[in-house]
Every structure is written in structure tokens, then in C-alpha cells.
Amino acid sequence: MENEARKAAETVSAVLKKLAAEWGLETADPADPVPGTPPQEDMGDVAFPMFVYAKQLRKSPVEIARAVASAVAADAGYRAVAAGPYVNLFYNLAELAQRAVASADDAAFGTVADRKGQKIMIEFSCPNTNKPLHLGHMRNDSLGESVSRILKAAGADICKVNLINDRGVHICKSMLAYKEFGKGMTPEEAGVKSDRFVGDYYVKFDQWSKTDPTAMERVRRMLVDWENGDEEVRALWKQMNGWAVSGIKETYRRTDVSFDRFYFESETYLKGKNDILRGLEEGLFYKESDGSVWVDLAEIGLDKKVLLRADGTSLYITQDLGTAVSRHGDWPFDRLIYVVASEQQYHFKVLFYVLRKLGYEWAENLFHLSYGMVNLPEGKMKSREGTVVDADDLLNELALMAKTEMESKEKSSGVEDVNDTAEKIALGALNYFLLSKSPTKDMIFNPKESLSFNGETGPYLQYTATRITSILAKYEERKGEFEGIPFCPEKLSSDEERKLIKMILSYPDQVSKASAEMNPSVLTAYLYDLAKTFSQFYHDYPVLNCDDKETALARLKLVRSVLEVMKKAFYLVGIPYLKKM
RNA sequence: GCAACCAUAGCUCAGCCGGAUAGAGCAACUGCCUUCUAAGCAGUAGGUCGCAGGUUCGAAUCCUGCUGGUUGUACCA
């Protein structure tokens, strides 16, 4: 639809120049008109405000609008009206309808070329192996997965990576607690999902360490043993990490999140040191008297930062430096996107600066996709106080709600697999909830209210799609009635139909916008608007039951295109499509 | 202290590279199922867009200041 707007703008621009000349103001050179959207459907398809030209053309905006509207209509064949100081144009609807309907058969519709040729690596999720995923991780996972799909639809070559935090003091805590209290139990024996099993010992450590002051010291010793490659500690570490990672991967499968590469911190935590030492030699960094290495951040308006400890060991930022460098070696990206909470803005600012300083050209194209926290109505989620919302528990609860609702409405007999359908409704509800808000902002999750299936939610969208699917199924049964009926685009003339046609054609623009902003909420908002418009149409106008067969067929084709677009957009924001619910 | 982000209806949020009457959903109240799925549709009510200036024909949107909130500013990750 942007092409239409551009064309209209060019027409208006030409007319403005012509009018300027006619009025004896050849030197005026009016600025390019900016297309907008009229507030109401029946007012027109594109709007151009005429205020800006008033001074130049020495006439009131209202007079200019009147002159432009009639000239546009005469010169270019647009239907054009002056509405006060605005010029509103109408597109050729029949032609748009043709194209909207054809889009349903075009598999490439909605794939754009904005990022063609770009190799983008995107890092997200990055869980710790000492506890199961919670709602905070889910926002990260949803965002990362959705943005990956959007960038791919915009033509990029994508590599999704996950860095598993599988070492450090926090990992040793659950290990030590297991060693102390676990009695060699396995998750299978305990009948607990394996990542939860590990997480329970992490919680246990916290309680234990409050009564036993030696606990913390023993954890520190364990970490030293781990670093020295102590066989017993390493064996325990492997076993517990295996449990944690397999449980986490199960949740990924459940939420349809996937990765092209996994990195493990235990394999990358020593990286980066050489780069720092090289930088020191080149005079980019400096050494303190105690032997620690620092970078001065005055250039970017910050203080200074340690890059290597006095004893030569590395820090979080050191290994992040090394990891970025080795990743670029593994898969030479044009762009690397880190999907990480906004708390770490400072860290990434410093990281990117240091990489640039080290002379890596690709460091210009690193991007921190920063997102806000998920809070509860009472405030932050705190694992120690047990207020974290566990990912699996939440999905289970949602799926149960969906199932209960289906049963109470006696719909469960109509669907193929009730549990599978319930699971997909749960996922749709959750992904819509997590992605429909601006990524940068913190969000509040209210367990009682946020889980609704009514109103502006994922299930509403899924429900809309099932209604269309149902019409299409009925059409297949009654196909004979429509034999030989031609497609008559002019039969689609209601406000709702006009709006649907334009919305279908604007889908590629929405993908472009979502890609440019790296913001899935562009698409959730679009989907809601599309579904809402369809529902209004559906309520007021019969499709197959319409007496006039030509109208029926035209509506059927329109509705089919709406469904196809919905399915494509569903995929990009992780909402499963259902034939029935 | 400094820095970044945020402030829109009772609640959760859109809108923010300036344009026509600031939009949804939830909660409250009212209608609509013998016709393609009522997880729906329609309606009522609810707003000094944090405050004060500025720029502009025009500001929720841009600029400045202020107030309030969140986060960060570690030889933790």
C-alpha cells in the first residue's frame, strides 16, 4: 500500500507545482506532500494536509485543498475530495481487490527485500543451568524468536545463538546442595522435570546457607576444584548440567523456540584475554600498579572499567569480548543482535566500545535489543521469595484453562486433539501477551487478569482464524453451487470490505516496519486490527449464505486472503494457527 | 552525584520521524444466538495525555526545565 500512497503523493505534488505556476508563483517549489490516513474509512484512502502550502501559495489551506482536489480528479482520474484543509483521495478499489485476492495464492507475499544480503546473528535466551525458565526468560525467548522470524521475512540470513551459562558460583550452589541432600536421586526417580529438579537444590542451598555458615565457603572451594578439573566435581557438574539443559530444551520445544548454535560459557569463559593483552601492547588500555588492566571510557562519557584482574583472570566483559570475536570467526556476520534485558545497557555500551577500539570493523554493527522487565502487581519477581512465575507451570495453567473452557462450551468434541489444541491456545495467549507491548518498556503481569482469552488476546486471533477456516470448509462442501461464477471485485464495497482489502495489501509494509524497528508488536497490533475488522464484517455480512452468488464468491475470496495473511503473521509472532477451537 | 529509560481512562496497554473528534482491551452497566463457531458483535460510562515553558498554522508526539518512578554506575555474571 505504500506504493499507492507514493503514487498519490507524486500526483498531488505535480498538481501543486502546476497550480503554483498558474497562480503566477513559478518560484514557489512546494515541498513534497506527506500522505496520511483519514480518520474515517468513508472519507478516503489517503489524505494530504494543505496547511504547509498556505504561506508559499498565498491562499488559505481550504482554498488550496479545493483547487488541488479538482485538479487531481481532472488530471489523474482519482476520485478526490477536499475536506476542509485536507485533500482526500480514493484508490481504484476493484484493482486493489484483485491484488488482495491474488495475494492468497502467492507464497512469497509478505516477504520483503529490506534486509536482503544481510547476515544477522542474534543471541537470546542465555539461561543459567541452575534453575528452570521463568516468565522473564519467556519474554526474552518470545522476542528473540519473533524478531528472528521477522528479520528473516525481511530477507536476512539469520543465525540464532544461545549462550548457556553453565559455570560459576551459582551453578556450584545447586551442585553442593545436591551432593549434601540429594542421596544420588535422579529426576526420573523423583518424578520431577529435570530442570526443576536441579532448581529445587538451588533453592535448598539458599535455605541451608542461612543456618550453616560453612556452606558458602564450601561452594567457593567447589568452584576452584571445578576450575582445576577435579574429576568428581566435573562428573557431578556434567550430570546436573545435563539435567538442567535437557529440561530447558524441553521447554524450548514446547514454546517452539529453537537455535542454530549453542555456546557454553564453560567453553568460552577463558576467551578474550589475548585480545586484551594485545590492546595493552598497542596502548589502547593501561595497567594499574597492582597489575590489573583497565580501559578509559572518557571518550564515551563514562568512567573506566577493569578488563583483567590483577591476577590475570578474566571477567564477564572479558569473555563477552572473546565470545564476540570467536563468533565472528564461526559465522562472519554483518550484524550481531543481543537480546538482553535493559539492565545491561551499560555493559553493552562498554563492550561495543572496547571492540571498536580493538579495531574490529564489524563492531560498528553490534546492537543491544534491550527489553524491559516483567513485574508482578506487587513488584519485582524474586526467586528467593518464591514469587517467580515458572514457565512450565504457567503454560500448564493456561492449557488447563483453555481445556476447561472448551469443555464448558462443549467444543471439545469438535476438535481433533483437545490437549494439543489447549496447549496451542495457551502458547498463543502467552506469546500475544508478551509481544503486544513495546519491548523497551517494563510490563506488569497480573496472573488473574493477564491470562484471559477474551478481548485483545491471542485466542481471539486464533478464534477469528477458525471462523474463516470454517467458512472455507463449508465452501469446499458446496463448491458446485459456485461453478462458473466469475470474480467480481466491484461487489466488495462496504467499509469493512474496503478496509480488509487495504489491510491485506499493507501486510508487507507491516513486515518492513516490524523489521526496521525490530518490534513484533507492530504485527500483533496489525493482527488485532485485522481480526477486529473481519469480525465486524462477519457479523454484518453473510459470506456463503449471501443470496447473490457473485457477492458470495467475492467475499469468499476476500476472506480467504485475510486468513492467509493471518497465518503468515501468526508465524512471525508465535501464535499457532488452529483449524478448530 | 552522574547516566539511561519511563509517566496517556479505575487497571493493562496502543498511538509518539507533528495533522481532522486521543484509541483498544479488562473491570461496570445495556442489548444481540432457529442463519457461515457468542472465545463474538453493538452500545453506555470513563481523559487537565505527570507539571511548567518553548518551537509551529497545528504538540500526547519535537526542544528545555521540573516532579515522580525504574534500572545502571562492582576486580559478580
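Up top is the structure.
All values reported here derive from a predicted model rather than from experimental measurement.

Caption draft 1: Region of interest: the packing of aromatic side chains. Counted under the stated rule, the structure contains 26 aromatic pairs. Aromatic side chains Phe109 and Tyr507 sit 6.3 Å apart centroid to centroid with 35° between the ring planes, which places their arrangement in the tilted category. Here Tyr507 lies in helix 19 (residues 507–517) and Phe109 lies in the loop between helix 4 (93–103) and strand 4 (119–123), a separation of 398 residues in the sequence. On the accessibility criterion, Tyr507 (1% relative accessible area) is buried. With 5.4 Å between their ring centres and 85° between their planes, Phe181 and Trp208 make a pair best called edge-to-face. In this pair, Phe181 sits in helix 6 (residues 169–181) while Trp208 sits in helix 8 (residues 194–211), placing the two residues 27 residues apart along the sequence. Phe181 gets classed as partly exposed once you look at its relative accessible area, which sits at 31%. When its relative accessible area of 10% is taken as the criterion, Trp208 is described as buried. Sitting over the face of the ring of Trp23, Lys59 holds its NZ or CZ atom 4.6 Å from the ring centroid.

Caption draft 2: Highlighting the layout of surface pockets. In this model, the largest pocket occupies a volume close to 1,500 Å³. In terms of lining residues, the largest pocket is bounded by 48 residues, among which Cys126, Asn128, Asn165, Tyr316 and Gln344 are the most central. Of the residues forming the lining of the largest pocket, the biggest block, four residues, is contributed by strand 10 (residues 335–341). Taken together, the residues that form the lining of the largest pocket break down as 19 nonpolar, 17 polar and 12 charged. Counted as a void, the second largest pocket has a volume near 690 Å³. As for the second largest pocket, its lining consists of 25 residues, and the residues nearest its centre are Met1, Thr37, Asp45, Lys502 and Ser506. If you list the elements that add at least two residues to the lining of the second largest pocket, you get helix 1 (2–22), helix 18 (495–505), helix 19 and helix 20 (521–540). Per-element accounting of the lining of the second largest pocket gives the leading share, four residues, to helix 20.

Caption draft 3: Spatial organisation of the sheet that holds strand 10. Read across the open sheet, the five strands follow the order 6-5-4-10-11; overall the sheet is parallel. A single partner strand is all that each edge strand has here, and the edge strands are strand 6 (261–264) and strand 11 (366–371). The sheet shows a mean angle of 25° between the axes of neighbouring strands, direction not considered. Relative to strand 5 (residues 157–164), strand 4 runs parallel, the two sharing five bridges. Bridging across to strand 5, Glu123 finds its partner in Val161.

Caption draft 4: Here's a closer look at the environment of Arg139. The residue Arg139 is located in helix 5 (residues 135–153) in this model. C-alpha of Arg139 to C-alpha of Leu435: the two residues are 296 residues apart in sequence and 7.7 Å apart in space. Polar side-chain contacts of Arg139 include one of 2.7 Å to the backbone oxygen of Gly372. Within the local environment of Arg139, its side chain forms a polar contact with the backbone oxygen of Ser438, the two atoms lying 3.1 Å apart.

Caption draft 5: Representation of the side chain of Thr466. Within the fold, Thr466 resides in helix 17 (residues 458–477). Its relative accessible area of 8% is what places Thr466 among the buried residues. Of note is the side chain of Thr466, whose polar atom sits 2.6 Å from the backbone oxygen of Tyr463. Leave out the neighbours within four places in its chain, and Thr466 touches Leu578, Lys579, Lys580 and Met581.

Caption draft 6: Examining helix 21 (residues 549–572) more closely. Taking 1.5 Å per residue as the helical rise, helix 21 with its 24 residues ought to reach 34 Å, and the 35 Å between its terminal C-alpha atoms agrees with that figure. Immediately downstream of helix 21, the backbone of Gly574 shows phi near 70°, a positive value.

Caption draft 7: Seen up close, the packing of helix 6 against helix 9 (residues 214–227). Axis separation between helix 6 and helix 9 bottoms out at 9 Å; the angle between their running directions is 110°. Taken as axis vectors, helix 6 and helix 9 run roughly perpendicular relative to one another. Handedness of the helix 6/helix 9 crossing: right-handed. Residues Val169, Cys172, Lys173, Met175, Leu176, Lys179 and Glu180 of helix 6 form the contact with helix 9, whose participating residues are Ala215, Met216, Arg218, Val219, Met222 and Leu223. In the contact of helix 6 with helix 9, the residues fall into nine nonpolar, no polar and four charged.

Caption draft 8: Layout of empty space enclosed by the protein. In the structure shown here, the tally under the stated rule is one cavity of 30 Å³ or more. Residue lining of the largest cavity: Thr129, Ile171, Ser174, Met175, Val198, Trp237, Met240 and Asn241, and that is the complete set. Across the lining of the largest cavity, the residue classes tally to five nonpolar, three polar and no charged.

Caption draft 9: Fine view of the protein's contact with RNA strand B. If you check the shell around RNA strand B, you find 63 residues, and the closest are Tyr86, Asp290, Tyr463, Arg467 and Ser470. When atoms of RNA strand B within 4 Å of the protein are split into backbone and base, the sugar-phosphate part holds 61%. A distance of 2.6 Å separates a sugar or linking oxygen of RNA strand B from a polar atom in the side chain of Gln345. At 3.5 Å, a side-chain N or O of Lys474 approaches a sugar or linking oxygen of RNA strand B. Ranked by the residues each element gives to the surface near RNA strand B, the list is headed by helix 17, at seven residues. When grouped by side-chain class, the residues that make up the surface near RNA strand B number 30 nonpolar, 15 polar and 18 charged.

Caption draft 10: Up close: unusual backbone geometry. Even without a glycine there, the phi angle at Arg58 is positive, about 55°. In this fold, Arg58 is placed in the loop between helix 2 (54–57) and helix 3 (61–76). The class of Arg58 is exposed, set by a relative accessible area of 67%. Of note in this structure, Lys183 is not a glycine but carries a positive phi near 50°. Tracing the backbone through its elements, the reader meets Lys183 in the loop between helix 6 and helix 7 (187–190). Note on Lys183: relative accessible area 78%, which makes it exposed.

Caption draft 11: Seen up close, the nonpolar core. Counting 132 residues, the largest nonpolar core has Met50, Val68, Leu89, Leu135, Phe445, Ile501 and Tyr507 as the members making the most contacts within it. Considering every element that reaches this core, the biggest residue donor is helix 21, with 13 residues. Core analysis: the second largest hydrophobic core is formed by 33 residues, Val293, Leu307, Tyr338 and Val350 among them.

Rules and cut-offs
Residues numbered from 1 in each chain as written. Chains lettered and ligands numbered in written order. Predicted model: local features only at pLDDT ≥ 70, side-chain atom pairs only at ≥ 80, totals over all residues. Heavy atoms only, no water. Phe/Tyr/Trp six-rings, centres within 6.5 Å; stacked < 30°, edge-to-face > 60°. Helix = DSSP H or I, 4+ residues; strand = E, 2+ residues; numbered from the N terminus. Buried < 20%, exposed > 50% of the residue type's maximum accessible area, 1.4 Å probe, protein only. Lys NZ or Arg CZ within 6 Å of the ring centre and 35° of its normal. 1 Å grid on protein atoms, 1.4 Å probe; cavity = no way out; pocket = protein on both sides within 12 Å on 5 of 7 lines; lining within 4 Å. Points joined across faces, edges and corners; volume = space filled by probe spheres on them. Nonpolar A, V, L, I, M, F, W, Y, C, P; charged D, E, K, R; others polar. Pairing = 2+ DSSP bridges. Axes fitted to C-alpha atoms, helices over the stretch in contact; angles between N-to-C directions. Polar contact = N/O pair within 3.5 Å; in protein donor to acceptor, adjacent residues only side chain to side chain. Contact = heavy atoms within 4.5 Å. Expected span 1.5 Å × (residues − 1). Parallel < 35°, antiparallel > 145°, perpendicular 65-115°, else oblique. Left-handed = near helix turned anticlockwise from the far one by under 90°. Near = heavy atom within 4 Å. Core = buried A, V, L, I, M, F, W, Y, C linked by side-chain atoms within 4.5 Å.

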